[in-house]
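Spelled out, the chains give:
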Amino acid sequence: MDLFDKCYEFNKKIDYLKSHHQFFYLREMESAPAPLVRMKGQEMILLGSNNYLGLATHPKVISATIKAIQEYGTGACSSRVLTGTTTLHHRLEKKLAQFKGTEDTIVFSTGFMTMMGTIAALVKEGDMIFSDELNHASIIEGCRLSKAEVKIYQHNNMTNLEEQLATADPSKNKLIVTDGVFSMKGTLANLPQIKQVADKYGAKVMVDDAHGSGVLGDKGHGILEYYNMEGEIDLICGTFSKTFATIGGFTGATAQIVAFLKLNSRAFIFTASPPPAIAATVIAGLEVMEEEPQLLQQLHHNANFMKKGLMELGFTLEETVTPIIPVIIGNDEITFKTAGLLEEEGIIVNPVVPPAVSKESSLIRVSVIATLSQKQLEIALDKFKLVGKKLGII
């Protein structure tokens, strides 16, 4: 078999999916991720974005980004450990530490590199990792790179997790790693019980708060605030590509752990620094969250309105306290048809099928943002009703 034969065969499958209107990836957006976007020259209501608080188009955030480009240029043009660290990077790391209730933070160039680079630097061959079966791919890659013994526990199953810890070699270092919010269904990790089990068996805990930061807790500080557990988890991580509306990521921990990561994580050392404008964007976003708490309130109002409306129409939803709303379809073909018909009606959603979810759990992933208007949500519900009846879902 030629090295590239797999590419040709793969593209045949993609062509088939496209011809049957079952390909919803790499769609080209022609505008910012706002409530209304342009796609294929048409205005559409966007229910598929992680721009939860609408910060990607917030005037203060845009202004701060532009100002930073004017002062610092378009990029740092070096790694963080050489000449790529600016005043803005340090300001951001201090502000994130305050936001997450940790001694310090380290900022990576992407969210993927954050999880991968943190795990691979701290966990080594001979150690053990206990990872939720639905964890993000960045966690999986970090586990692989670490060369540690990896145990996969059943999703959010604390009994299974404890069974695996109980039978593990007590002399080995152990890390439990989990998503805080599982991105496909919006479910939360059971952190109180994870912490309890971790303490019992001498394990450390690492949480990826990608979809919780800016969303959960009274002030939007994330899953630790939601559970009133700030300061109780060893490693709290996140990304800037959701609520904070740009790219990058961070790990919060003790000052000594952060100092170690900055000179030992290959994903931090051997890559270019995030542009200073990225740091300015996130700093401004954190300030907007402090100054405009109504954005978080509006986000949850919109999410609750949409959930209530979909349930009243007869759709089956997974229970969630996040703005991620999983509409369970249970059939791959109908899931794709639903997404396709909604798109024809001017509504953008994301179809989710195996292996991202189990075979019987194919779903439409709806995610709402704070800046969606009541009228836009009502229009979206009307279109869901139209499509749901047409396909016999409701």
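What comes next is a walk through the structure.

A look at the pairing of strand β13 (residues 324–328)
So, step 1. Most of β13 sits out of view: 5 of its 5 residues are buried.
So, step 2. Across 2 bridges, strand β12 (residues 316–317) lies against β13 in antiparallel orientation. Each bridged residue has a counterpart across the sheet, and for Thr-316 the counterpart in β13 is Ile-328.
So, step 3. As paired elements, β13 and strand β16 (residues 363–367) share 5 bridges and run antiparallel to each other. What sits directly across from Pro-326, in β16, is Arg-365.

Focus: the layout of surface pockets
So, step 1. In this structure, the largest pocket occupies an estimated 1,200 Å³ of space.
So, step 2. Lining the largest pocket are 48 residues, and of these Asn-50, Ser-183, Met-184, His-211 and Arg-365 lie nearest its centre.
So, step 3. Of all the secondary structure elements, the ones that give two or more residues to the lining of the largest pocket are α4 (111–122), β7 (181–182), β10 (235–239) and β15 (350–352).
So, step 4. Looking at the second largest pocket, its volume works out to about 440 Å³.
So, step 5. Every residue lining the second largest pocket is counted, 20 residues in all, and those nearest its centre are Leu-122, Lys-204, Asp-234, Leu-235 and Ile-257.

Focus on helix α1 (residues 5–19)
So, step 1. Helix length check: α1, at 15 residues, gives a terminal C-alpha distance of 21 Å against a target of 21 Å (1.5 Å per residue), a fit within 8%.
So, step 2. His-21 occupies a position one or two residues after α1 and carries a positive phi of about 55°.

Digging into the packing of aromatic side chains
So, step 1. According to the stated counting rule, one finds 8 aromatic pairs in the structure shown.
So, step 2. Here Phe-23 and Tyr-25 contribute two aromatic rings whose centre-to-centre distance is 5.3 Å and whose plane-to-plane angle is 80°, an arrangement assigned as edge-to-face.
So, step 3. For Tyr-25, a relative accessible area of 39% corresponds to the partly exposed category.
So, step 4. With 6.0 Å between their ring centres and 5° between their planes, Phe-24 and Phe-336 make a pair best called stacked. With a gap of 312 residues between them, Phe-24 in the loop between α1 and β1 (36–39) and Phe-336 in helix α13 (residues 332–344) connect regions that are remote in the sequence.
So, step 5. Note on Phe-24: relative accessible area 4%, which makes it buried.
So, step 6. Judged by its relative accessible area of 9%, Phe-336 is buried.
So, step 7. Following the ring pairs from residue to residue traces out a cluster consisting of Phe-99, Phe-240, Phe-244 and Phe-250.

Considerations on the sheet that holds strand β14 (residues 347–348)
Sheet strands pair by backbone hydrogen bonding; their relative direction is either parallel or antiparallel.
So, step 1. With mixed pairing, the 3 strands of this open sheet are ordered in space as β1-β2-β14. Sheet topology places β1 and β14 at the edges, where each strand pairs with a single neighbour.

A short note on the packing of helix α2 (residues 59–72) against helix α11 (residues 276–291)
Between two packed helices, both the angle of their axes relative to each other and the distance between the axes serve to describe the pair.
So, step 1. Two elements in contact, α2 and α11, have axes whose closest approach is 8 Å; the angle formed by their N-to-C orientations is 150°. Our classification of the angle between α2 and α11 gives roughly antiparallel. Pair α2 / α11 crosses with right-handed handedness. For the pair α2 and α11, the contacting residues are Lys-60, Val-61, Ala-64, Thr-65, Ala-68, Ile-69 and Tyr-72 in the first and Pro-276, Ala-277, Ala-280, Thr-281, Ala-284, Gly-285, Glu-287, Val-288 and Glu-291 in the second.
So, step 2. When its residues are assigned to classes, the contact of α2 with α11 shows 10 nonpolar, 3 polar and 3 charged.

Remarks on the sheet that holds strand β11 (residues 249–253)
So, step 1. In spatial order, the strands read β3-β11-β10-β9-β6-β4-β5; together these 7 strands make up an open sheet with mixed pairing. Every other strand in the sheet has two partners, leaving β3 (104–108) and β5 (149–153) as the edge strands with one partner each. Across the sheet, the mean angle separating the axes of adjacent strands is 20° when strand polarity is ignored.
So, step 2. Strand direction decides the pairing type here: strand β6 (residues 174–179) and strand β9 (residues 204–208), joined by 5 bridges, are parallel. Within β9, the residue paired with Asp-179 across the bridge is Asp-208.
So, step 3. Helix-sheet contacts for helix α6 (residues 158–166) involve β4 (128–132), β5 and β6, and the interaxial angle to β5 is about 155°.
So, step 4. Packing against the sheet, helix α7 (residues 191–201) makes contact with β5, β6 and β9, and its axis sits at approximately 175° to β6.

Digging into a nonpolar patch on the surface
So, step 1. On the surface, Leu-3, Phe-4 and Tyr-8 cluster together into a nonpolar patch covering about 350 Å² of accessible area.
So, step 2. The topology assignment puts Phe-4 in the segment before α1.
So, step 3. On the basis of relative accessibility, which here comes to 45%, the residue Phe-4 falls in the partly exposed class.

Calculation criteria
Residues numbered from 1 in each chain as written. Predicted model: local features only at pLDDT ≥ 70, side-chain atom pairs only at ≥ 80, totals over all residues. Heavy atoms only, no water. Buried < 20%, exposed > 50% of the residue type's maximum accessible area, 1.4 Å probe, protein only. Helix = DSSP H or I, 4+ residues; strand = E, 2+ residues; numbered from the N terminus. Pairing = 2+ DSSP bridges. 1 Å grid on protein atoms, 1.4 Å probe; cavity = no way out; pocket = protein on both sides within 12 Å on 5 of 7 lines; lining within 4 Å. Points joined across faces, edges and corners; volume = space filled by probe spheres on them. Expected span 1.5 Å × (residues − 1). Phe/Tyr/Trp six-rings, centres within 6.5 Å; stacked < 30°, edge-to-face > 60°. Axes fitted to C-alpha atoms, helices over the stretch in contact; angles between N-to-C directions. Parallel < 35°, antiparallel > 145°, perpendicular 65-115°, else oblique. Left-handed = near helix turned anticlockwise from the far one by under 90°. Contact = heavy atoms within 4.5 Å. Nonpolar A, V, L, I, M, F, W, Y, C, P; charged D, E, K, R; others polar. Patch = residues over 30% accessible without salt bridge, like charges linked within 9 Å, V, L, I, M, F, W, Y side chains within 5 Å. Areas by Shrake-Rupley, 256 points an atom, 1.4 Å probe, with all protein chains shown as cover. Salt bridge = Lys/Arg side-chain N within 4 Å of Asp/Glu carboxyl O.

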